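Close look at the chain arrangement
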Amino acid sequence: MKTRKRHAALFDALARLKYVPDTQMAKGLLDLTEAIEFEFRLADERMEAAGYPELHAQREWHARMLGALHRAVPSATSGNVRDIRHMVAMLPYWLYDHFSTIETVLPVNHPACPARVWH
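Now for a look at the structure at hand. Keep in mind the model is a prediction, meaning the values are calculated, not measured.

Here we look at the packing of helix 2 (residues 22-50) against helix 3 (residues 55-77)
The relative placement of two packed helices comes down to the angle between their axes together with the axis-to-axis distance. Contact geometry of helix 2 with helix 3 gives a least axis separation of 9 Å together with a crossing angle of 170°. If you check the angle between helix 2 and helix 3, you find them roughly antiparallel.

Here we look at the packing of aromatic side chains
Within the structure shown, the criterion is met by 2 aromatic pairs. Taken together, a centroid distance of 6.3 Å and an interplanar angle of 80° make the contact between Phe11 and Phe99 edge-to-face. Of the two residues, Phe11 sits in helix 1 (residues 3-17) while Phe99 sits in helix 4 (residues 82-105), which places them 88 residues apart along the sequence.

Structural notes on the environment of Arg46
Within the element layout of this structure, Arg46 appears in helix 2. Taking the C-alpha atoms as reference points, Arg46 and Ile102, separated by 56 residues in sequence, lie 9.0 Å from one another.

Quick notes on the rules
- Residues numbered from 1 in each chain as written.
- Predicted model: local features only at pLDDT ≥ 70, side-chain atom pairs only at ≥ 80, totals over all residues.
- Heavy atoms only, no water.
- Axes fitted to C-alpha atoms, helices over the stretch in contact; angles between N-to-C directions.
- Helix = DSSP H or I, 4+ residues; strand = E, 2+ residues; numbered from the N terminus.
- Parallel < 35°, antiparallel > 145°, perpendicular 65-115°, else oblique.
- Phe/Tyr/Trp six-rings, centres within 6.5 Å; stacked < 30°, edge-to-face > 60°.

Everything listed is a geometric property; what it means functionally is a separate question.
Dropping the structure here:
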């Protein structure tokens, strides 16, 4: 699946997660976390292939984001979903900004970036 379609599917999943019952939040959050991990892995590979000088900083950002998501799953499992729902509501903004940054550093014509992320 091309990058644009994967990202669209990810944002669709985020939109749906806002409306799942509390009892399904942990499972939905875990699935979402796995999808984001996959996207971040691909982004890391693309930036590494392109020789992006800020790769280390981007990997740190990925680790912080994924760490927060992994810490949120047990909280959702125990029924504390209020803060989790707030985090899920903010994720599209953070991810859009992040994916847009990747597009900026890996333009469409770069061999490490076969498809534009947005537009």
